[in-house]
Amino acid sequence: MNYKIAFFGTKPYDRESFESLNGKYGYEIKYFKGNLNADNVPLTKGMDAVCIFVNDPASIPFVSGTL
């Protein structure tokens, strides 16, 4: 199975590191500009995982879709 991972708020150096590591795993990675927020949550539909960074919300109501 090819896992799909959405990344939000990555910097160029983050992306370089993830791409280098992903060569070993072959995940399907999608990078989205900006931080995760209530308006772009739908972009994560169909993803197996979402990687967020320090300025992204991750409260229970937000991630459960009850926001």
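Rules used throughout
Residues numbered from 1 in each chain as written. Predicted model: local features only at pLDDT ≥ 70, side-chain atom pairs only at ≥ 80, totals over all residues. Heavy atoms only, no water. Buried < 20%, exposed > 50% of the residue type's maximum accessible area, 1.4 Å probe, protein only. Helix = DSSP H or I, 4+ residues; strand = E, 2+ residues; numbered from the N terminus. Pairing = 2+ DSSP bridges. Right-handed = clockwise from strand over helix to strand, strands pointing away. Phe/Tyr/Trp six-rings, centres within 6.5 Å; stacked < 30°, edge-to-face > 60°. Expected span 1.5 Å × (residues − 1). Contact = heavy atoms within 4.5 Å. Axes fitted to C-alpha atoms, helices over the stretch in contact; angles between N-to-C directions.

## Some words on the pairing of strand E1 (residues 4-8)
- By the criterion of burial, E1 is predominantly enclosed, with four of the five residues buried.
- In this structure, E1 lies alongside strand E2 (residues 28-32), joined through five bridges in parallel fashion. Within E2, the position partnered with isoleucine 5 by the bridge is isoleucine 29.
- A crossover connection joins E1 to the parallel E2 through helix H1 (residues 12-25); in handedness this β-α-β unit is right-handed.
- Sheet topology places E1 next to strand E3 (residues 49-51); three bridges connect them, and they run parallel. Note on E3: the bridge partner recorded for phenylalanine 7 is cysteine 51.

## Side note on the packing of aromatic side chains
- By the definition in use, this model includes six aromatic pairs.
- With centroids separated by 4.5 Å and ring planes inclined at 50 degrees, the aromatic side chains of phenylalanine 7 and phenylalanine 18 adopt a geometry described as tilted. One end of the pair, phenylalanine 7, is in strand E1; the other, phenylalanine 18, is in helix H1, with 11 residues separating them in the sequence.
- The exposure class assigned to phenylalanine 18 is partly exposed, which follows from its relative accessible area of 25%.
- Ring plane angle 10 degrees and centroid distance 5.5 Å describe the contact between tyrosine 25 and tyrosine 27, whose orientation is recorded as stacked.
- Counting every residue linked through ring pairs, the aromatic cluster contains Phe7, Phe18, Tyr31 and Phe53.

## Describing H1
- If you check H1, its first and last C-alpha atoms are 20 Å apart, about what 14 residues at 1.5 Å a residue would give, namely 20 Å.
- Downstream of H1 by a residue or two, glycine 26 has a phi angle that is positive, lying close to 75 degrees.

## Details of the side chain of asparagine 22
- As for its position among the elements, asparagine 22 is in helix H1.
- In this structure asparagine 22 comes out as buried when scored by relative accessible area, which is 12%.
- Aside from chain neighbours lying at most four places away, what touches asparagine 22 is Tyr27 and Ile29.

## Section: the sheet that holds E1
- Taken together, three strands build an open sheet; the order of strands is E2-E1-E3 and the sheet is parallel. Pairing within the sheet leaves two strands with one partner each, and these edge strands are E2 and E3. The sheet shows a mean angle of 20 degrees between the axes of neighbouring strands, direction not considered.

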